[in-house]
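Here's the letter readout for the chains.
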Amino acid sequence: MTGTGDRLFTSAFIALAGSDLVYFTASGLLIGVTPFFVTGPLGSDKAGLGLALGAFSATSLVVRPIVGRLVDRFGRRRLMLLGVALFAVMIAAHLIVTDLWMLVVVRLVLGLAESLYFVAGFAALADLAPPGRTGEALSFASVALYLGIALGPGLGQLLLNWRGFAAAWIGGTLLALLALALIMTIPETGEPAPEDAEPARLIHRAAVLPGLALFTGVAGTAGFLALVGLHATEIGFPAWSVVPLVYGGIVVICRIVFARVPDRLPPLRLSAGSLALCTVGLVILGVVPNAAGMLCGAAVLALGVAFLTPAIFAAVFGSVPAHERGSAAGTTTIFIDLGFGGGPLLLGLIAARGGISLAFVVAAAITATGGALLIPAINRQRHADPSAGTPASA
């Protein structure tokens, strides 16, 4: 079942976006509450926090390419269901975690769950998008992701203040089960590969360079989200959940209002511009250690992030056939997981030694490197087709 004519907002698309909303609200809850769990009941420090938040990246390195091939072979729906069910179990498992090593094990399994859900979900979104509207579909669907990131930490803070960590873990588990129920209403979206098609690559070449650029943006953003609560507390801004709320809210507004931009501009050029904005936002966060600096930096960072992921995936899906979308999504989302895992790990270690402000400046240098990586590919495209102003349709 690929996109129905020119309609984007089909019942399947809406159900998938709804499942993303509740899934990523649960993820946002974990992002907000886990730092206080690690540095509180588990008695660890910022380095331990980086290790805990980054643990799932090791699993993702192994399973993402395999999951991508399985998605192309067995379909999107089954693997989404398996992923979100495992996600629910692992959030519930936080209730019995009493040591850092136990949390690391839980995070490793969460890496597998996220791989299954992410890869299958991105491939399904591309399947459901009408021709030439992949970037728009990803923009609207990703609103759910950033609403979750915006709302999840605040929900986590409310539950934590109400009944402690147990209430937060139970709330996250219930959200994951709701996501599972929504996915059960979605039909299979994938198309079988042609009989003469070669098996999909474990690592899809078309996704490597865009994926590396995406990695730098995700790493900087993930480090920001992991450290922002502690940083806000250090500089005397106790309402820490307001910062991710502002960040997520700006991303949501931009992705709704400018949803068609990733399909109308060359996606690699748009990606490079997005990374430049991310760099500026992280520099502000690092050099202006007060509430105004945090809010301003988060806002500029959000403007960059708003266009980054849709542009990257528009570039990737625009260069591969439909029956290779799972493999391409698997490769691209490896870099998302590496960013979400590696960013907090690296920046947590830097924060432990040199402070959180230094960690944000290092994150800015990482995102600037990602933009520079895209320049040769942008120049090659320009020389190959000087009139190229619109990306290939997916």
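Residues numbered from 1 in each chain as written. Predicted model: local features only at pLDDT ≥ 70, side-chain atom pairs only at ≥ 80, totals over all residues. Heavy atoms only, no water.

> Even after reading the chapter, I still don't get the overall build of the protein chain, so can you show me in this structure?
Of the regular secondary structure elements, the protein chain holds 14 helices and zero strands. What you see in the protein chain, going N to C, is helices and strands ordered as α-α-α-α-α-α-α-α-α-α-α-α-α-α. The principal-axis extent of the C-alpha atoms belonging to the protein chain is close to 55 × 40 × 35 Å. Counting every position in the protein chain, which comprises 394 residues, the buried fraction comes to 58%. Of the contacts formed within the protein chain by residues at least 6 apart in sequence, a portion of 87% connects residues at least 24 apart. By element, 69% of the accessible surface of the protein chain is carried by carbon and sulfur atoms, the whole surface being about 14,800 Å². Distance between charge centroids for the protein chain: 4 Å, based on 21 positive and 18 negative side chains. (Helix = DSSP H or I, 4+ residues; strand = E, 2+ residues; numbered from the N terminus. Buried < 20%, exposed > 50% of the residue type's maximum accessible area, 1.4 Å probe, protein only. Contact = heavy atoms within 4.5 Å. Areas by Shrake-Rupley, 256 points an atom, 1.4 Å probe, with all protein chains shown as cover. Lys, Arg positive; Asp, Glu negative; His and termini not counted. Charge placed at Lys NZ, Arg CZ, Asp CG, Glu CD.)

> Is there a simple way to think about helix α1 (residues 11–39) in this case?
Since the α-helix packs 3.6 residues into each turn, any two residues three or four apart lie on the same face. The terminal C-alpha atoms of α1 lie 43 Å apart, and with 29 residues this matches the ideal 42 Å at 1.5 Å per residue to within 8%. Val 33 marks where α1 bends most, by close to 35°; the proline Pro 35 follows one to four residues later. Taken across its 29 residues, α1 has 22 buried, putting it largely inside the fold. (Expected span 1.5 Å × (residues − 1). Bend = angle between axes of the 7 residues up to and from the residue.)

> Explain the packing of helix α5 (residues 100–128) against helix α13 (residues 325–354) here, please?
Working note: a packed helix pair is described by the angle between its axes plus the distance between those axes. One can describe the packing of α5 onto α13 by two numbers: an axis separation of 9 Å at closest approach and a directional angle of 130°. Taken together, the axes of α5 and α13 lie oblique to each other. Judged by the twist between their axes, the crossing of α5 over α13 is right-handed. On α13, the residues touching Gly 111, Glu 114, Ser 115, Phe 118, Val 119, Phe 122, Ala 123, Ala 126 and Asp 127 of α5 are Arg 325, Gly 326, Ala 329, Gly 330, Thr 333, Ile 336 and Asp 337. Among the residues forming the contact of α5 with α13, the class breakdown is seven nonpolar, five polar and four charged. (Axes fitted to C-alpha atoms, helices over the stretch in contact; angles between N-to-C directions. Parallel < 35°, antiparallel > 145°, perpendicular 65-115°, else oblique. Left-handed = near helix turned anticlockwise from the far one by under 90°. Nonpolar A, V, L, I, M, F, W, Y, C, P; charged D, E, K, R; others polar.)

> When you look at the pattern of salt bridges in this model, what are you seeing that I'm missing?
Oppositely charged side chains may form a pair once their charged atoms are brought near each other. In this structure the tally under the stated criterion is five salt bridges. Residue Asp 127 pairs with Arg 76 through a salt bridge whose shortest N-O separation is 2.7 Å. Note that Asp 127 is positioned in helix α5 and Arg 76 in helix α4 (residues 76–93), a separation of 51 residues in sequence. For the pair formed by Asp 127 and Arg 76, the shared burial category is buried. Glu 136 serves as the salt-bridge partner of Arg 260, at 3.4 Å between the closest nitrogen and oxygen. (Salt bridge = Lys/Arg side-chain N within 4 Å of Asp/Glu carboxyl O.)

> What is the right way to look at the side chain of Thr 332 in this model?
Mapped onto the elements, Thr 332 comes out in helix α13. Residue classification places Thr 332 among the buried positions, given a relative accessible area of 0%. If we skip the residues at most four places from it in the chain, Thr 332 touches Ala 207, Leu 214, Ile 312, Phe 313 and Val 316.

> Sorry, what's going on with the environment of Ile 31 here?
Mapping Ile 31 onto the fold places it in helix α1. As for Ile 31 and Pro 153, which are separated by 122 residues in sequence, their C-alpha atoms are 6.7 Å apart.

> How should I be thinking about the packing of aromatic side chains in this particular structure?
The relation between two aromatic rings is expressed through the spacing of the ring centres and the mutual angle of the planes. Scanning all chains against the criterion turns up 16 aromatic pairs. The interplanar angle of 75° and the centroid separation of 5.7 Å between the aromatic rings of Phe 24 and Phe 118 together place this pair among those described as edge-to-face. Placement of Phe 24 in helix α1 and of Phe 118 in helix α5 is noted, with a sequence separation of 94 residues between them. Residue classification places Phe 24 among the buried positions, given a relative accessible area of 9%. Seen from their ring centres, Phe 313 and Phe 317 are 5.6 Å apart, and the 35° between their planes marks the pair as tilted. Of this pair, Phe 313 and Phe 317 both sit in helix α12 (residues 291–317), four residues apart, roughly one helical turn. Accessibility expressed as a relative area gives 0% for Phe 313, which makes it buried. (Phe/Tyr/Trp six-rings, centres within 6.5 Å; stacked < 30°, edge-to-face > 60°.)

> Is there a simple way to explain the confidence of the model for the protein chain in this structure?
For any part of a model where pLDDT is low, the fine detail of the predicted coordinates should not be relied upon. Averaged over the protein chain, the pLDDT score is 84; the fraction of residues at 70 or greater is 92%. Per-element mean pLDDT across the protein chain ranges from 78 in helix α2 (residues 46–54) up to 95 in helix α7 (residues 165–183). Counting interchain partners and residues more than four positions distant, the pLDDT-below-50 stretch residues 387–394 has 20 contacts. (pLDDT = per-residue confidence, 0-100.)

> Which parts of the structure should I look at to understand the environment of Val 283?
The residue Val 283 is located in helix α11 (residues 267–287) in this model. Along the backbone, Val 283 and Leu 128 are 155 residues apart, and their C-alpha atoms lie at a distance of 38 Å.

> For this particular structure, what's the right way to read a nonpolar patch on the surface?
The grouping of Leu 61, Val 62, Ile 66, Leu 70, Phe 74, Leu 202, Ile 203, Val 208, Leu 212 and Leu 373 at the surface amounts to a nonpolar patch, some 790 Å² of accessible area in total. If you list the elements that add at least two residues to the nonpolar patch, you get α3 (56–74) and α8 (208–234). Inspection of the secondary structure assignment puts Phe 74 in helix α3. (Patch = residues over 30% accessible without salt bridge, like charges linked within 9 Å, V, L, I, M, F, W, Y side chains within 5 Å.)

> So what exactly am I meant to see when it comes to the packing of α4 against α7 here?
Direction vectors running N to C along α4 and α7 enclose 165°, while the axes themselves pass 8 Å from each other. It follows from the interaxial angle that α4 and α7 lie roughly antiparallel. Considering only the axes of α4 and α7, their crossing is left-handed. Contacts between α4 and α7 involve Arg 77, Met 80, Leu 81, Val 84, Ala 85, Phe 87, Ala 88, Ile 91 and Ala 92 from the first element and Trp 169, Gly 172, Thr 173, Ala 176, Leu 177, Ala 179, Leu 180 and Ile 183 from the second. Split by residue class, the contact of α4 with α7 holds 14 nonpolar, two polar and one charged.

> Sorry if this is basic, but what is going on with α13 here?
The terminal C-alpha atoms of α13, which comprises 30 residues, lie 42 Å apart, in line with the 44 Å expected from a rise of 1.5 Å per residue. Counting buried positions along α13 yields 21 of 30 residues, so the element is predominantly enclosed. Positive backbone phi, at 100°, marks Gly 355, one or two positions downstream of α13.

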